[in-house]
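Below are the chains, spelled out letter by letter.
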Amino acid sequence: MGSNDVRVPLAPAPRFLDLRTASADPAAELRASLAADAPFIAPKFFYDPLGSRLFEAICELPEYPLTRAERRIFERHGEEIATRAGIDRPLVDLGAGNCEKAEQLFRVLAPSQYVAVDIAADFLHECLAALSLRHPGLPMVGLAQDFTFALALPDIVQPGPRTVFYPGSSIGNFAPHDALAFLERMRAACGPGGCVVLGADLVRHKHALDLAYDDPLGVTAAFNLNVLRNVNRCIDADFDVADWRHVAFFDPVTARIEMHVEARCDVAVRWNGGGRRFRATDRIHTENSYKYTLPGLGALLRRAGFGDTWLWTDEEDSFAVALAAA
Ligand code: AVJ
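Conventions and cut-offs
Residues numbered from 1 in each chain as written. Predicted model: local features only at pLDDT ≥ 70, side-chain atom pairs only at ≥ 80, totals over all residues. Heavy atoms only, no water. Salt bridge = Lys/Arg side-chain N within 4 Å of Asp/Glu carboxyl O. Helix = DSSP H or I, 4+ residues; strand = E, 2+ residues; numbered from the N terminus. Buried < 20%, exposed > 50% of the residue type's maximum accessible area, 1.4 Å probe, protein only. Pairing = 2+ DSSP bridges. Axes fitted to C-alpha atoms, helices over the stretch in contact; angles between N-to-C directions. Contact = heavy atoms within 4.5 Å. Near = heavy atom within 4 Å. Polar contact = N/O pair within 3.5 Å; in protein donor to acceptor, adjacent residues only side chain to side chain. Areas by Shrake-Rupley, 256 points an atom, 1.4 Å probe, with all protein chains shown as cover. Nonpolar A, V, L, I, M, F, W, Y, C, P; charged D, E, K, R; others polar.

Student: What is the right way to read the pattern of salt bridges from this model?
Tutor: Note on pairing: side chains with opposite charge can pair once their charged atoms come close. For the structure on display, the rule yields 15 salt bridges. Lysine 291 is the salt-bridge partner of aspartate 201, the closest N and O atoms lying 2.8 Å from each other. You can see aspartate 201 sitting in strand β6 (residues 195-201) and its partner lysine 291 sitting in the loop between β11 (283-290) and α9 (294-303), a full 90 residues away along the chain. Note that glutamate 258 is salt-bridged to arginine 256, the shortest N-O span being 3.0 Å. Across the pair, exposure class does not vary: glutamate 258 and arginine 256 are buried alike. Within this structure, Glu29, Lys44 and Asp146 form a network of salt bridges that share partners.

What follows is the structure, encoded as structure tokens:
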């Protein structure tokens, strides 16, 4: 400690609200989806602490260009995005994860409040604490919430107009009809004069898309199979990861990536309150990741009731950022 140490103003600690108990019961949801005729696990169950970190690793893979493409769009068009969105507004970040994407826009958007919403409570808590040290002047709120069923913003969130941010092509996890319903809820959360800023991955060649979700290092395989460990914890199940393999492919007919875990052999799995047998090659569907076209994205936003819409893409036209007025 010398005489030149600088006094950093103390950042007000981010407020943190856990709203998870108010929504549906994840254990009951898992038991039902695993017992269904076509068993599935909702993608939100990927994001335990290891899953959140494996997703960060996916974003570093050369085969997975989404995150970098979106970052380039924000770099090139950030000023224009801020002009259209308006500055000095609450920024509501849905599925905030490590909060990196929103942080990139703080400089241009100059938000009046940052509201980070995510299902991964512990990971969000950690990231938000670090973020608030880097941005001591910006009031922050963390909301641990499963917003796939309802998007209820508590009173602590400053009133509209708000900028609702849904980056990273997370919208791709919704089937088209559900995406529409979700966008309508996002529009309501904006308030009059607010807007959404939405990232969407675009349809590309099947080969490139297959590789983005089945990378040779096996990072995506680890991310996918790790869901079974989270299920084990949530419902006291006894899935053995070694009995399952990662399956991922682009289906051009539905314009979506499908991810599954596939049984390598006949297995019997038990969990708290149930269990089931799986035959070798039986699959559990773990994720859909829909890809959009520019006209398709525009039409979806119009149908959800949005007004003026602007679209930006990267140089390769692999990714789009849309800004739509509520
Ligand atoms: C976080 C839903 C946007 O669909 O690309 C990445 C998740 N799954 N690799 C995506 C994911 C496999 C990702 N989203």
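Student: How should I be thinking about the sheet that holds strand β2 (residues 90-94) in this particular structure?
Tutor: By definition, the strands of a sheet pair up through backbone hydrogen bonds, in either a parallel or an antiparallel sense. Reading across the sheet, the eight strands line up as β1-β4-β3-β2-β5-β6-β13-β12 and stay open at both edges, with mixed pairing between neighbours. Each edge of the open sheet is held by one strand with a lone partner, namely β1 (15-18) and β12 (309-313). Along the sheet, successive strands turn relative to each other by an average axial angle of 15°, direction set aside. Of the pairings in the sheet, the one linking β2 to strand β3 (residues 113-118) comprises five bridges and is parallel in character. Across the sheet, residue leucine 91 finds its bridge partner in β3, namely tyrosine 114. Where helix α5 (residues 121-134) meets the sheet, its contacts fall on β1, β3 and β4 (140-144), and the angle it forms with β4 comes to roughly 175°. Along the sheet face, α9 touches β6, β12 and β13 (319-325) and points at about 25° away from the line of β13.

Student: Hey, could you run me through the site of the ligand in this one?
Tutor: In the vicinity of the ligand, 15 residues are found, and the nearest of them are Tyr64, Gly168, Tyr213, Glu287 and Ser289. Tyrosine 64 places a side-chain nitrogen or oxygen 2.5 Å from an oxygen atom of the ligand. Within the side chain of tyrosine 213, an N or O atom sits 2.5 Å from an oxygen atom of the ligand. Protein burial of the ligand: of its 360 Å² of free accessible surface, 97% is covered by the chains. Among the residues making up the shell around the ligand, the classes are represented as eight nonpolar, six polar and one charged.

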